[in-house]
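Spelled out from the first residue to the last, the chains are:
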Amino acid sequence: MSQSNIKGKIHSIETFGTVDGPGIRYVVFFQGCPMRCQYCHNPDTWSLADCKEELTVDEVLDGFFRNREFYKNGGLTATGGEPLMQLDFLTALFKAAREKGIDTCLDTSGVVFSPANAESFEELIKYTNLVMLDIKSIDPEKHLALTGQKNDNIISFCRFLEERKVPVRIRHVVVPQKTFVKEDLVKLGEFVGSLRNLKELEVIPYHTLGVKKYNQLGIDYPLAGIEDLTKEDLSIAKKYILEGIKKIRSAG
Ligand code: SF4
């Protein structure tokens with residue numbers, strides 16, 4: 001199939017994203033995700049079979065060009081769901097975007113990557129300006145419990161991007177009783193501090209705004225009873241991560 005005919009399973013498109021990469025973004029939500037994060041805000045993107053819209057690259061970019069002046073200091077972000085599940089379409093979309101001078105940002109968990117299939121990601125990253133990568137937990141067992149998937153491929157994906165000098169913004173959600181654990185946060189800091197391609201680190205406080213969607217979809221909310229992270233605890237979490245960053249940087 002030629003690149004112009006390939007279709008992506010798209011959940012939705014937001015034309016005025018302000019938190020999904022630098023500047024104002026045209027945000028494309030991909031359908032499908034193999035993770036089952038307990039605090040996921042978009043459970044309606046999980047199943048590929050639930051896709052309501054299939055679009056070509058040109059059809060996705062049409063909406064961008066209709067409002068192009070908005071995105072002068074921003075660009076296009078692919079998120080989801082997990083965009084890497086549709087690697088061929090994503091690569092075609094980013095290639096077309098970069099050819100038209102559009103800044104590209106990939107928001108991903110990286111879980112679909114593995115060292116054995118690394119070659120298939122080489123083309124995509126040529127056209128990717130920034131990767132926003134979520135590390136849900138640095139501890140393998142806790143990651144599995146929190147998301148239903150192991151974190152080894154995610155860590156490998158970080159190193160793959162580092163070797164190719166692709167800038168990354170690492171994101172981590174601090175969840176009371178789950179990821180608000182000193183030892184894990186220090187370890188996360190050590191890992192993040194060791195990345196030579198780190199552009200930014202975003203530490204996000206857990207909040208319960210996602211619960212409404214679960215109620216609407218009739219799904220039990222796995223973190224029922226866990227309160228929002230307080231501002232004080234967010235500061236403490238940041239301090240622990242910084243401790244890890246300093247530790248690794250002073251050692252190296
Ligand atoms: S990776 Fe993202 S879309 Fe997938 S379950 Fe986790 S939070 Fe939801």
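Now for a quick tour of the structure.

Parameters and conventions
- Residues numbered from 1 in each chain as written.
- Predicted model: local features only at pLDDT ≥ 70, side-chain atom pairs only at ≥ 80, totals over all residues.
- Heavy atoms only, no water.
- Helix = DSSP H or I, 4+ residues; strand = E, 2+ residues; numbered from the N terminus.
- Rg over C-alpha atoms; globule rule 2.2 N^0.38 Å.
- Buried < 20%, exposed > 50% of the residue type's maximum accessible area, 1.4 Å probe, protein only.
- Contact = heavy atoms within 4.5 Å.
- Areas by Shrake-Rupley, 256 points an atom, 1.4 Å probe, with all protein chains shown as cover.
- Lys, Arg positive; Asp, Glu negative; His and termini not counted.
- Charge placed at Lys NZ, Arg CZ, Asp CG, Glu CD.
- Salt bridge = Lys/Arg side-chain N within 4 Å of Asp/Glu carboxyl O.
- Expected span 1.5 Å × (residues − 1).
- Near = heavy atom within 4 Å.
- Nonpolar A, V, L, I, M, F, W, Y, C, P; charged D, E, K, R; others polar.
- Polar contact = N/O pair within 3.5 Å; in protein donor to acceptor, adjacent residues only side chain to side chain.
- Phe/Tyr/Trp six-rings, centres within 6.5 Å; stacked < 30°, edge-to-face > 60°.

**Describing the overall build of the protein chain**
The number of helices and strands found in the protein chain is eight helices and eight strands. A compact globule built from 252 residues should have a C-alpha radius of gyration of about 18 Å, and the protein chain, at 18 Å, falls within 12% of that. Its C-alpha atoms give the protein chain principal-axis dimensions of roughly 50 × 45 × 35 Å. Residues classed as buried in the protein chain amount to 50% of the 252 residues present. Restricting to contacts in the protein chain with at least 6 residues of sequence separation, those with at least 24 account for 77%. Carbon together with sulfur atoms contributes 50% to the accessible area of the protein chain, which is approximately 12,200 Å² in total. The protein chain carries 33 positive and 35 negative side-chain charges, and their two centres are separated by 4 Å.

**Brief notes about the pattern of salt bridges**
Going through the model one piece at a time under the given rule, you end up with 17 salt bridges. Residues arginine 171 and aspartate 107 are paired through a salt bridge, measuring 2.9 Å at the closest nitrogen-oxygen approach. With arginine 171 in strand β7 (residues 168–174) and aspartate 107 in strand β5 (residues 104–108), the pair connects residues that are 64 residues apart, well separated along the chain. The exposure class assigned to aspartate 107 is buried, which follows from its relative accessible area of 10%. Across the salt bridge formed by arginine 164 and glutamate 122, the nearest N and O atoms sit 2.9 Å from each other. One end of the pair, arginine 164, is in the loop between α5 (152–163) and β7; the other, glutamate 122, is in helix α3 (residues 122–126), and 42 residues separate them in sequence. Since its relative accessible area comes to 31%, arginine 164 is described here as partly exposed.

**Side note on α5**
Between the first and last C-alpha of α5 there are 17 Å, a value that for 12 residues agrees with the 16 Å anticipated at 1.5 Å per step. Buried within α5 are the following residues: Ile154, Phe157, Cys158, Phe160, Leu161 and Glu162. The secondary structure elements touched by the buried residues of α5 are β5, α3, β6 (130–134), α4 (140–147), β7 and α6 (182–194). Following α5 by one or two positions, lysine 165 adopts a phi angle in the positive range, close to 60°.

**Topic: the site of the ligand**
Neighbouring the ligand are Cys33, Met35, Cys37, Cys40, Trp46, Gly81 and Lys136. Each residue belonging to the shell around the ligand can be placed in one class, and the counts come to five nonpolar, one polar and one charged.

**Considerations on the environment of threonine 45**
By secondary structure assignment, the location of threonine 45 is in the loop between β2 (25–30) and β3 (53–56). The spacing of threonine 45 and isoleucine 241 is 196 residues in sequence and 31 Å in space, taken between C-alpha atoms. Excluding anything up to four places from it in sequence, threonine 45 contacts His11, Phe30, Gln31, Gly32, Cys33, Gly80 and Gly81. Polar contacts involving the side chain of threonine 45 include one to the main-chain carbonyl oxygen of asparagine 42, which spans 2.7 Å. Polar contacts involving the side chain of threonine 45 include one to the main-chain amide nitrogen of glycine 81, which spans 3.0 Å.

**Overview of the packing of aromatic side chains**
In this structure the tally under the stated criterion is 14 aromatic pairs. Here the aromatic rings of phenylalanine 64 and phenylalanine 65 are separated by 5.5 Å at their centres, their planes lie at 80°, and the arrangement is edge-to-face. A relative accessible area of 2% means that phenylalanine 64 is categorised as buried. Aromatic side chains phenylalanine 113 and phenylalanine 160 sit 4.9 Å apart centroid to centroid with 45° between the ring planes, which places their arrangement in the tilted category. One end of the pair, phenylalanine 113, is in the loop between β5 and α3; the other, phenylalanine 160, is in helix α5, and 47 residues separate them in sequence. Taken individually, phenylalanine 113 and phenylalanine 160 each receive the classification buried, so the pair is uniform in this respect.

**Some points on the environment of glutamate 69**
Inspection of the secondary structure puts glutamate 69 in the loop between α1 (57–66) and β4 (75–79). The class for glutamate 69 is exposed, based on a relative accessible area of 54%. Sequence separation between glutamate 69 and isoleucine 154 is 85 residues; the distance between their C-alpha atoms is 35 Å.

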